[in-house]
Amino acid sequence: MSTALAAETDLLKIGNRVFQSRLIIGTGKYRTFAEMKAAHLASGAEMVTVAVRRVPLDRSTESFLDHLDPTLAILPNTAGCYTAEDAIRTARLAREALDTDIIKLEVIGDQTTLFPDNEQTLEAARVLVKEGFTVLPYFTDDLIMAKKLLDAGCPAVMPLAAPIGSGLGIQNPANLAIMREQLPGATIIVDAGVGTASDAAIAMELGADAVLMNTAIAEAKDSAKMALAMKLAIEAGRLAYLAGRMPKRLYASASSPVVGVVR
């Protein structure tokens with residue numbers, strides 16, 4: 001099968017939505033709207049995330065919403081919420097204003113680290129799933145919490161790689177590898193902490209189904225070039241995961257075996 005055909009048939013499924021791209025991109029921190037548009041185009045992403053509490057949903061003033069490609073699916077998020085109640089209210093507002101039932105659920109537990117409050121996230125997820133939302137919860141890279149969120153009806157889970165906006169890359173690769181191994185049928189989207197293309201490739205090589213990022217692209221010196229780099233890294237990482245890497249060995253293994261050598 002050709003690489004192009006493989007990409008067309010290896011689709012990302014989230015609830016009842018299907019995407020070819022495994023990169024979900026953000027809308028914040030760009031220096032200009034033109035820069036954001038160029039980065040989005042270069043990324044090949046088909047879905048963008050929007051912070052509901054940080055944008056005028058009534059379109060009363062100009063915002064990035066006025067500069068989004070209309071073909072992009074919008075993934076509203078509850079960034080800035082610190083309680084389940086607040087996140088639920090924000091999700092309902094997003095559904096009403098943006099006419100979508102998909103939501104990235106984010107309930108922050110600490111203002112300094114912006115680490116998520118897993119318990120409040122789970123509480124909100126249970127309510128929103130019952131109300132018909134397609135809930136994508138952001139949480140720490142915890143296998144047990146992932147299981148609870150999936151059991152609550154979330155079609156995908158979004159473990160962090162590192163603190164939001166830190167650019168530190170994958171801090172606990174073992175946790176993500178274990179999550180992939182223990183939850184083979186789950187959709188796992190790595191969220192937060194990616195800093196450069198190699199981080200995205202590593203996430204995909206560990207078995208992630210997709211990566212969501214914003215700061216790594218928006219704060220790059222050339223956002224469009226970084227967006228393209230991320231696109232290629234995610235494609236390469238996905239192919240490497242599907243190909244299956246060679247086993248690691250403590251000692252050398254000759255590329256040209258001595259068996260059968262003419263003497």
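In case you missed it, the structure is sitting above this.
Nothing here was measured: the structure is a model prediction, and the numbers come from that model.

Caption draft 1: Main features of the overall build of the chain. Along the chain, the regular secondary structure elements total nine helices and 10 strands. Counting only C-alpha atoms and orienting by the principal axes, one finds that the chain spans roughly 80 × 40 × 35 Å. Per-residue burial over the chain gives 47% buried out of 263 residues. Considering only contacts within the chain whose residues lie at least 6 apart along the sequence, 64% involve residues at least 24 apart. Just so you have it, the chain exposes about 13200 Å², and 54% of that area is on carbon and sulfur atoms.

Caption draft 2: Representation of helix 9 (residues 223-243) within the structure. The terminal C-alpha atoms of helix 9, which comprises 21 residues, lie 30 Å apart, in line with the 30 Å expected from a rise of 1.5 Å per residue. Looking only at helix 9, the buried set comprises S223, M226, A227, M230, A233, I234, G237 and R238. Relative to the axis of helix 9, the buried residues are bounded by an arc of 130 degrees and lie together on one face. Among the exposed residues of helix 9, those oriented more than 90 degrees off its buried face are K225 and A243. Residues of helix 9 that are buried in the fold lie against strand 3 (23-25), helix 2 (33-43), helix 7 (197-205), strand 10 (210-213) and helix 8 (215-218). Sitting at the amino-terminal end of helix 9 is D222, which places a side-chain oxygen 3.3 Å from the backbone nitrogen of A224. Positive phi appears at G244, one or two residues downstream of helix 9, with a value of about 85 degrees.

Caption draft 3: The nonpolar core, seen in detail. Grouped together as the largest cluster of nonpolar side chains are 35 residues, with contacts concentrated most on Y30, V190, V211, M213, I217, M230 and I234. Of all the secondary structure elements, the ones that give two or more residues to this core are strand 3, helix 2, strand 4 (47-51), helix 7, strand 10, helix 8 and helix 9. In this structure, M213 is in contact with L23, I24, I25, G26, V194, A200, M230 and I234, ignoring residues within four places of it in sequence. One finds C81, A84, A125 and V135 within the second-largest nonpolar core, a separate group that totals 28 residues.

Caption draft 4: Seen up close, the side chain of R180. One can find R180 in helix 6 (residues 173-182). With a relative accessible area of 9%, R180 lands in the buried category. Separated by 2.9 Å, the side chain of R180 and the backbone oxygen of G207 make a polar contact. Apart from the residues lying within four places of it in its own chain, the contact partners of R180 are G185, A186, I188, L206, G207, D209 and Y241.

Caption draft 5: Summary view of the packing of helix 4 (residues 118-130) against helix 5 (residues 143-151). Where helix 4 contacts helix 5, the axes come no closer than 9 Å and their chain directions differ by 10 degrees. The orientation of helix 4 relative to helix 5 falls into the category roughly parallel. Crossing hand, helix 4 versus helix 5: right-handed. Where helix 4 approaches helix 5, its residues N118, E119, T121, L122 and A125 are matched on the opposing element by M145, K148 and L149. A per-class count over the contact of helix 4 with helix 5 returns four nonpolar, two polar and two charged.

Caption draft 6: Region of interest: the packing of aromatic side chains. Under the definition given, this model contains zero aromatic pairs. The ring of Y138 carries the charged tip of K104 above its face, separated from the ring centre by 5.3 Å.

Caption draft 7: Spotlight on unusual backbone geometry. Its identity as a non-glycine residue notwithstanding, K29 has a phi of 75 degrees, on the positive side. Structurally, the position occupied by K29 is in the loop between strand 3 and helix 2. Positive phi, close to 80 degrees, is recorded for A192, a residue that is not glycine. With respect to the helices and strands, A192 occurs in the loop between strand 9 (187-191) and helix 7.

Cut-offs applied
- Residues numbered from 1 in each chain as written.
- Predicted model: local features only at pLDDT ≥ 70, side-chain atom pairs only at ≥ 80, totals over all residues.
- Heavy atoms only, no water.
- Helix = DSSP H or I, 4+ residues; strand = E, 2+ residues; numbered from the N terminus.
- Buried < 20%, exposed > 50% of the residue type's maximum accessible area, 1.4 Å probe, protein only.
- Contact = heavy atoms within 4.5 Å.
- Areas by Shrake-Rupley, 256 points an atom, 1.4 Å probe, with all protein chains shown as cover.
- Expected span 1.5 Å × (residues − 1).
- Arc of directions from axis to C-beta.
- Polar contact = N/O pair within 3.5 Å; in protein donor to acceptor, adjacent residues only side chain to side chain.
- Core = buried A, V, L, I, M, F, W, Y, C linked by side-chain atoms within 4.5 Å.
- Axes fitted to C-alpha atoms, helices over the stretch in contact; angles between N-to-C directions.
- Parallel < 35°, antiparallel > 145°, perpendicular 65-115°, else oblique.
- Left-handed = near helix turned anticlockwise from the far one by under 90°.
- Nonpolar A, V, L, I, M, F, W, Y, C, P; charged D, E, K, R; others polar.
- Phe/Tyr/Trp six-rings, centres within 6.5 Å; stacked < 30°, edge-to-face > 60°.
- Lys NZ or Arg CZ within 6 Å of the ring centre and 35° of its normal.

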